[in-house]
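# Survey of secondary and tertiary structure
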Amino acid sequence: MRSLIPLGLLIWGVAPWISAQSYSDYLGAGHNNGITAITSHEENSQEGGGTSVDGFPISDPDLLADASRFLSQATLGYDFEMVQQVAAMGYEAWLDEQMSLPAEPTTGISLDLEERLGEEGPIYGMFTFRSAWLNQVLRSNDLLRHRMNYALSQIFVVSTFGSDLFEDVTMLSSGYYDLLGQNAFGNYRDLLAGISTNVSMGLYLSHLNNPKSDPANNIHPDENYAREIMQLFSIGLYELNNDGTRKLSPDGNFIATYNNDDIREFAKVFTGFGTGGPGGSFGGGDEENYEAAANYPMAMYDEWHEPGEKHLLNGMVVPAGQTGQQDYEMAIDNLYQHPNVGPFISKALIQFYVSANPSPAYINRVATVFNDNGQGERGDLGAVLKAILLDPEARDCSAINNATAGKLREPLVRYTQFLKAFNVSNPAGFFLDPMYTWGENVGQVPMYSPSVFNFYQPEFQPNGPIAEQNLVAPVFQIHNSSTAIGYINMVNQWTFLEYPMDDLTEEVVDETNLEVNLRAEMDYSNEYGIVDDPVELLDRLNLLLAAGQLSDNTQQVILTALQEVEEPFNRLNLAIYLVLISPDYAILKKSFFVY
C-alpha cells in the first residue's frame with residue numbers, strides 16, 4: 001500500500017541515496033578553510049603529516065594504520081581517502097561530524113527498487129530489503145550510523161528467518177531497521193519504547209494482538225515479549241555492578257533480575273496492542289494490512305488491555321484504573337531506570353565494536369556515561385558510542401600485543417569492508433543483490449539470525465585455549481568448518497572470479513524488460529599503479545584492509561607468494577585474497593597509540 005507511506009520517506013527526485021554526501025566545509029580535497037591539522041606524535045610534528053591538510057597529506061604509516069583501525073571498529077567499511085581524512089581530522093571531530101548527518105532510511109530505497117522492478121521483478125520482500133541495505137551501506141557517507149544500526153539490529157533482534165510473512169513483506173524489515181537507525185545516537189528510552197510498539201517486533205515476539213485474560217476460555221497474556229525485553233533488551237538475567245560484574249547474594253550466589261511472577265506482570269502490560277495508522281485494528285491482519293501498518297507504531301486498544309494493578313521490578317506498582325498506554329509508559333520507565341541497563345547495554349556494544357572481553361574498568365567507564373552523559377541525561381547512546389570508541393582501552397597501544405584483546409571480525413563486516421575499500425560500482429548505478437550466494441556460504445545476512453538470540457551469544461566460549469582462560473569469543477559461534485571454507489570461497493569469487501556480488505542482470509532483463517547492467521566491479525586503479533612493487537602493494541593493503549596488523553611472518557609469507565607471480569591481475573588479486581583470508585586480518589585488535 002504505497003499510497004499510505006508517509007511523505008517523509010519519499011525524499012527522492014533522482015534516487016538521492018545513489019549520490020555521495022555533499023559537504024560545504026570538510027577537511028581535505030582542497031577544502032582547508034583555515035583549518036590546520038597536526039599529527040598525534042610530537043616527534044613527527046614537522047614531517048610526515050605536516051600542517052597542511054589540502055588533499056589529506058597525512059603520510060605517517062603509524063597514524064594511518066591507527067586511523068584505519070579506528071574505522072574498522074567504527075564503521076562497516078571505508079576507503080583509503082577516508083583513512084587519510086580521519087587521520088587529519090582527529091577521531092572526536094569525525095565522530096561529531098558523523099553524528100550530525102541525517103539518517104538515510106532503507107525504506108525509500110526499497111520503494112525505489114520495487115518501483116524500478118515492478119511486480120515481475122526477480123526479488124521481493126526481505127530480498128528487496130537486503131539490496132536496499134547494501135545500497136544504503138555502500139552509497140551514503142553515514143558510516144558511523146550504519147555500524148551502530150547494524151549493531152543494534154543484533155541486540156534488539158527482529159529476524160525474517162523462517163517466516164513467510166517477513167519474507168514477503170519488505171516493510172517489515174525496512175521499517176524496523178530504519179527505526180533503529182533513527183534512534184542510533186538518540187536516547188535509549190526512546191529506542192526501547194520505539195521497538196516495543198513496532199509492528200515488526202509485535203509480530204516477531206507475539207505481543208501484537210495480545211489480548212487480556214479470559215480464564216473461561218483459557219486465554220492468558222502472551223509472555224514472550226515480557227521475557228525478552230528484560231533478558232535481551234534491557235537488564236539481562238543477573239543483577240550487575242556498574243562494571244558489568246555480577247552481584248552476589250550473602251550466600252555467594254548470583255542474584256536473578258526477575259522471576260516468573262515478574263514476567264507474568266509485565267505480560268499484562270503488553271496486552272491490548274493492535275495495528276495503528278489508517279485502518280488500524282486489534283486482531284486479524286494479512287500481508288497487505290501489515291505492509292501498511294509497518295509504517296506506524298502499534299496502537300493501544302483499552303478494551304483488550306489487562307485491567308488492574310501490575311507489580312513490576314524494584315517495588316514499582318502500576319495502579320489500577322489507568323489507560324493501557326499509561327501502564328505501558330510506566331513499565332518502560334521501570335526498565336529504563338533499572339541500574340542494570342547501563343552496564344548491560346554498554347558491555348553489549350563494546351563487544352560489537354572493540355573487544356569480546358572488555359575489562360570491568362572499561363565497562364564501568366562507559367556505563368557511567370550511560371548513567372549520565374555529563375549533562376544530566378541518562379541513556380544518551382551517542383555519548384555512549386563516543387565513550388566506547390575513544391576509551392583508552394580502545395585506543396591503547398598495549399592491546400596489540402595482548403592475546404585477550406580484540407575480537408573476531410564478523411563475516412558480514414569483512415564483506416562490506418572489502419566492497420567499500422575498493423569503491424564497488426556498476427553501470428546501472430544501483431545494486432541489486434539478494435545475497436543468495438553469500439548467505440549460502442557464510443550465513444550472516446542482515447536481519448536473518450536464526451532466533452531472537454542473534455547469530456551468536458555474548459557469552460559463547462569455543463573449546464580450547466579461549467574457554468580454558470575463561471574468556472569469551474561470541475563471533476566464533478558462527479565460525480566453523482563450513483562457514484570458514486565458505487568465506488574463503490567467497491573471497492576467491494570476489495577476487496579471481498571478479499564477482500563481488502551476485503549478478504542479476506539477466507534475470508532483470510528477462511523479467512522486467514529493463515536494459516540494465518548490474519555486474520559489480522571494483523576500482524583497483526590505485527593498486528594497479530603500484531602492483532609492480534610487491535612490498536609497496538602489500539603495505540597499502542595491510543593498512544587499508546588489515547589496519548596495519550599483519551605480522552612480519554604473515555607479510556613475508558604473502559610477499560614470497562607475490563614475488564612468484566608477475567602478471568598484474570593475478571598478483572593483485574592474490575595479494576587481496578591472501579590478506580583477507582589471513583588470521584591477522586580476521587582478528588581485529590584494539591588500537592595502536594595512546595593519545
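Residues numbered from 1 in each chain as written. Predicted model: local features only at pLDDT ≥ 70, side-chain atom pairs only at ≥ 80, totals over all residues. Heavy atoms only, no water.

Interhelical geometry of helix α11 (residues 224-231) versus helix α12 (residues 260-269) gives an angle of 115 degrees and a closest axis separation of 8 Å. The angle between α11 and α12 places the two elements in the roughly perpendicular class. The interaxial crossing formed by α11 with α12 has right-handed handedness. Facing Ala226, Arg227 and Met230 of α11, the residues of α12 in contact are Asp262, Ile263, Phe266 and Ala267. Residues belonging to the contact of α11 with α12 are distributed by class as follows: five nonpolar, no polar and two charged. (Axes fitted to C-alpha atoms, helices over the stretch in contact; angles between N-to-C directions. Helix = DSSP H or I, 4+ residues; strand = E, 2+ residues; numbered from the N terminus. Parallel < 35°, antiparallel > 145°, perpendicular 65-115°, else oblique. Left-handed = near helix turned anticlockwise from the far one by under 90°. Contact = heavy atoms within 4.5 Å. Nonpolar A, V, L, I, M, F, W, Y, C, P; charged D, E, K, R; others polar.)

For the protein chain, per-residue confidence averages 90 on the pLDDT scale, and residues scoring 70 or more make up 89% of the total. Within the model, the stretch residues 1-55 combines pLDDT values under 50 with 94 contacts to residues more than four positions away or in other chains. (pLDDT = per-residue confidence, 0-100.)

The subject of this paragraph is the pattern of salt bridges. One pass over the full model with this rule turns up 15 salt bridges. Note that glutamate 265 is salt-bridged to lysine 268, the shortest N-O span being 2.9 Å. Of this pair, glutamate 265 and lysine 268 both sit in helix α12, three residues apart, roughly one helical turn. Assessed through its relative accessible area of 22%, lysine 268 is described here as partly exposed. Here arginine 540 and glutamate 527 are joined by a salt bridge, their closest N and O atoms 2.6 Å apart. Residue arginine 540 is found in helix α25 (residues 534-544), and its partner glutamate 527 is found in helix α24 (residues 525-528); the two are separated by 13 residues along the sequence. (Salt bridge = Lys/Arg side-chain N within 4 Å of Asp/Glu carboxyl O. Buried < 20%, exposed > 50% of the residue type's maximum accessible area, 1.4 Å probe, protein only.)

This paragraph deals with helix α22 (residues 481-494). Think of an α-helix as 3.6 residues a turn; residues three or four steps apart then line up on the same face. Between its terminal C-alpha atoms α22 stretches 20 Å, which fits the 20 Å expected from 14 residues at 1.5 Å a residue. All of the buried residues in α22 are Thr483, Gly486, Tyr487, Met490, Val491, Gln493 and Trp494. All buried residues of α22 fall inside an arc of 155 degrees around its axis, so they share one side. Exposed residues lying more than 90 degrees from the buried face of α22 are Ser481 and Ile485. Looking at the buried positions of α22, the neighbouring elements they touch are α19 (411-421), α20 (436-441), α27 (568-580) and α28 (583-586). The residue sitting at the N-terminus of α22 and contributing the capping side-chain oxygen is asparagine 480; that oxygen lies 3.0 Å from the backbone nitrogen of serine 482. (Expected span 1.5 Å × (residues − 1). Arc of directions from axis to C-beta. Polar contact = N/O pair within 3.5 Å; in protein donor to acceptor, adjacent residues only side chain to side chain.)

Glancing now at a negative patch on the surface. A contiguous patch of negative charge, built from Glu119, Glu120, Glu506, Glu507, Asp510 and Glu511, is present on the exposed surface. Looking at the element boundaries, glutamate 511 is found in helix α23 (residues 505-512). Residue classification places glutamate 511 among the partly exposed residues on the basis of a relative accessible area of 38%. (Patch = residues over 30% accessible without salt bridge, like charges linked within 9 Å, V, L, I, M, F, W, Y side chains within 5 Å. Areas by Shrake-Rupley, 256 points an atom, 1.4 Å probe, with all protein chains shown as cover. Lys, Arg positive; Asp, Glu negative; His and termini not counted. Charge placed at Lys NZ, Arg CZ, Asp CG, Glu CD.)

What follows deals with the packing of helix α9 (residues 188-196) against helix α14 (residues 324-336). Two elements in contact, α9 and α14, have axes separated by 10 Å at closest approach and are oriented at 135 degrees. Judged on the interaxial angle alone, α14 and α9 are oblique. Seen along the crossing, α9 lies across α14 with a hand that is right-handed. On the side of α9, the interface is formed by Tyr188, Arg189, Leu192, Ala193 and Ser196, while α14 contributes Tyr328, Glu329, Ile332, Asp333, Leu335 and Tyr336.

Following the criterion strictly, the structure yields 29 aromatic pairs and no others. Note on phenylalanine 166 and tyrosine 204: the rings are 6.4 Å apart at their centroids and 75 degrees apart in plane angle, and the pair reads as edge-to-face. With phenylalanine 166 in helix α7 (residues 164-168) and tyrosine 204 in helix α10 (residues 199-204), this pair connects stretches of sequence that are 38 residues apart. Ring centres of phenylalanine 273 and tyrosine 328 lie 5.4 Å apart, and the angle between their planes is 85 degrees; this geometry places the pair in the edge-to-face category. Here the residue phenylalanine 273 occupies a position in strand β1 (residues 273-274), and tyrosine 328 occupies one in helix α14, the gap between them amounting to 55 residues. Among the residues examined, phenylalanine 273 registers a relative accessible area of 0% and is labelled buried. Taking the ring centre of tyrosine 448 as reference, the NZ or CZ of arginine 130 above it sits at 4.8 Å. (Phe/Tyr/Trp six-rings, centres within 6.5 Å; stacked < 30°, edge-to-face > 60°. Lys NZ or Arg CZ within 6 Å of the ring centre and 35° of its normal.)

Time to look at helix α5 (residues 125-139). The end-to-end C-alpha distance of α5, which contains 15 residues, comes to 21 Å, matching closely the 21 Å that a straight helix rising 1.5 Å per residue would cover. A large share of α5 lies buried, amounting to 15 of its 15 residues.

Moving on, we come to the environment of serine 173. Within the secondary structure, serine 173 sits in helix α8 (residues 170-182). The spacing of serine 173 and threonine 107 is 66 residues in sequence and 8.8 Å in space, taken between C-alpha atoms. Apart from the residues lying within four places of it in its own chain, the contact partners of serine 173 are Met126, Phe129, Thr160 and Met447.

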